[in-house]
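Chain by chain, the residues:
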Amino acid sequence: MGVVNSCCIPRRSCDCGKTKRNGEHRGYHRTLSATFNMSVGDNDCSNTSSLVNINIATEEELMTLRGIDRATAKNIIEHRNQIGGFRCIEDIALVSGVGAAKYVQIQDDIFIPSSANSSPSMTRSEGNSLESPNDKSSLSIVSVNSANVFNLIRVKGIGMTIAKNIVDYRERNGKFNCLDELRKVKGIGPMLLDSIKVWLTVDEKTDKKPTANLQSNGKVTPVENGKRQIYNSSGFERRSTSSIENLLEILGPLAKVPVRPDVKPVSLKYKNKRIFRLASWNLQRFSKEKAMNPGVKDVVCMTILENSLGIVAVQELADKDALQEICQELNMPTLPNVKKWKGRRGMWKCCVSKAAGRMFQSMEYHGFLYDESQDIQLVTSCLLESSNRGNPKPFTRMPFLAVFKINNAFDCVVVSVHLKATGLADEDKKRTENETDKLGDVVEAIHKKIKDENDVIILGDFNLGPNSKAFDDLRDNGYQPSIPANTYTNISQSNINGSENYDNIWLSRQTRSLLAGDSGVIRTGLSSPWIPDGWTWGGMVSDHCPVFTPLYASIDMDKDGDVTLAKEACFEV
């Protein structure tokens, strides 16, 4: 057991070569044990014993930070090795899995020594060089009656969720008459309110500076000339950017609201008949954390609104509740672009499958977003299962089937797939082709389970171009792709025009007769200055573009009308 304990207890390294233990593995908020904080003799490291030096920390040490799991800790170390070390603590926001929101959570627990014999400095100048810790930013009192989410999270103790709750409560119930009314906001209790009141006011316009600041331990820290001084237990002073907005000021383009492309209104009529737009989008490791990034949320929501999409099949969901973040923003907007959108908004719902299989470091789920205001109803949904118990699954990630009814007239079966990637050197191409070949079995299973339903659509990320012979079985069953092989569906900053056709919408012979115009690939508006992109900003929300096809909403070619299918129906392939 001694060997097990020695490798499982996180250790902290320091420049003097000594180590300290953290008695709490991953409990948050990072309450450090007495053993961790006690002095270990005459050394310069005692000043920073409660902080993590992100330039020398091990995986276990990084995992003591709030929200940092092993995968993210590995990303931090890998990124650190590639760049030769972080130059300032804000740079950790550029690591995959961290981002601006998580940086705000951990900023008070991390540091980088400015030199071997000096206290840690937390600031960065415009030239990216370390500044003196005496250069502190000023903070004004924030009005709870006029501040937006980004202004509110400038206040230490108010995170993104509570800031959104304050704004939502204000929009539903009107302005706050006094600060004590904040107790009615979800997530704000007496202790939190006492600690944040000094930074807040109900006055809509204010340039006042707080006269004191309550720290989380209840102690008051002085404020001189409106400049906030923050001390740790050892007495050294450092600057803390306690909000995404302060981070935006440091990192430049993040301080500006993203500019969306000019778009023409999309009509949901074609030849005087109602239509709806069906889409598919691989959102690339779409976790809840990624969904909460304001840039990601802005791109996804605005792309849906600007293109009048009605049903969106989503692949590569890393969390079951990630799509709910998008639904909430569409229905109760908080971001500037989404709030000022003047076109159709819709009433959005989502459904998410059980775990369909594994992807990079997590389980993967399928999901559908759909707009009930377009008279789109979800009848039922289920994950297709393997009929060969004990044998290898026919798909790396099992397909997800949903039955929709549109305009109380047209019903269809929509199957979302994410087939195995071929690999960087096409080493897994044969497995991808085998999965593609099994799509014919999916069609057969659907027709056995839902007799006389011929409006079947298979869409998603196929990881193969539609000209591949692996699709021959689908073609033999009368299916055709909506996106031609010479139209690319991938995208990156280095190749905006793309180079591969991976995403598609395959329509059955009968469903093709309901096409209402041209299908297409959406390539504009897929990046945001709020999304990290390596060492810069302005990243893409995904390396896949959304693809769509328009269909008539009021025509049903099936003789027997409605789809008859039990809500808990189980398909086996």
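Everything here concerns the structure above.
Caption draft 1: Fine view of the packing of helix H11 (residues 294-306) against helix H12 (residues 322-331). Relative orientation of the contacting elements H11 and H12 amounts to 60°, with a least axis distance of 10 Å. In terms of their interaxial angle, H11 and H12 are classed as oblique. When you trace H11 past H12, the crossing you get is right-handed. Contacts from Lys297, Val300, Cys301, Ile304 and Leu305 of H11 reach H12 at Glu325, Ile326, Glu329 and Leu330. Tallied by class, the residues present in the contact of H11 with H12 amount to six nonpolar, no polar and three charged.

Caption draft 2: How the structure looks around the nonpolar core. One finds Ile158, Leu182, Phe286 and Phe404 to be the most contacted residues of the largest nonpolar core, which totals 111 residues. Here this core takes seven residues from H11, the largest share from any one element. Sequence-distant contacts of Leu182, defined by excluding residues within four places in its chain, comprise Val144, Ile166, Phe176, Ile188, Leu193 and Leu200. Core analysis: the second largest hydrophobic core is formed by 21 residues, Phe86, Ile92, Val104 and Ile112 among them.

Caption draft 3: Just the pattern of salt bridges, in detail. Going through the model one piece at a time under the given rule, you end up with 16 salt bridges. A salt bridge links Lys339 to Glu171; its shortest N-O distance comes to 3.2 Å. Placement of Lys339 in helix H13 (residues 336-339) and of Glu171 in helix H7 (residues 160-173) is noted, with a sequence separation of 168 residues between them. Judged by its relative accessible area of 46%, Glu171 is partly exposed. Among the ionic pairs, Asp321 bridges to Lys288, the shortest N-O distance being 3.6 Å. With Asp321 in the loop between strand E14 (311-317) and H12 and Lys288 in helix H10 (residues 288-292), the pair connects residues that are 33 residues apart, well separated along the chain. Of the residues examined, Lys288 reaches a relative accessible area of 29% and is grouped as partly exposed. One network of salt bridges, with partners in common, ties together Glu59, Glu60 and Arg70.

Caption draft 4: Just unusual backbone geometry, in detail. Not every positive phi belongs to a glycine, and Lys271 is a case in point at roughly 55°. The backbone phi angle of Asn408 is positive, close to 55°, even though this residue is not glycine. Along the chain, the position of Asn408 falls in the loop between strand E19 (400-406) and strand E20 (410-418). Using a relative accessible area of 65% as the deciding quantity, one classes Asn408 as exposed.

Caption draft 5: Highlighting the sheet that holds E19. Spatially, E18-E19-E20-E21-E23-E22 is the arrangement adopted by the six strands of the open sheet, whose pairing is mixed. Only two strands of the sheet have a single neighbouring strand rather than two, namely strand E18 (376-383) and strand E22 (480-481). Where strand E21 (residues 456-461) and strand E23 (residues 503-507) come together, five bridges link them in antiparallel fashion. Bridge pairing links Asp461 to Asp503 in E23.

Quick notes on the rules
Residues numbered from 1 in each chain as written. Predicted model: local features only at pLDDT ≥ 70, side-chain atom pairs only at ≥ 80, totals over all residues. Heavy atoms only, no water. Axes fitted to C-alpha atoms, helices over the stretch in contact; angles between N-to-C directions. Helix = DSSP H or I, 4+ residues; strand = E, 2+ residues; numbered from the N terminus. Parallel < 35°, antiparallel > 145°, perpendicular 65-115°, else oblique. Left-handed = near helix turned anticlockwise from the far one by under 90°. Contact = heavy atoms within 4.5 Å. Nonpolar A, V, L, I, M, F, W, Y, C, P; charged D, E, K, R; others polar. Core = buried A, V, L, I, M, F, W, Y, C linked by side-chain atoms within 4.5 Å. Buried < 20%, exposed > 50% of the residue type's maximum accessible area, 1.4 Å probe, protein only. Salt bridge = Lys/Arg side-chain N within 4 Å of Asp/Glu carboxyl O. Pairing = 2+ DSSP bridges.

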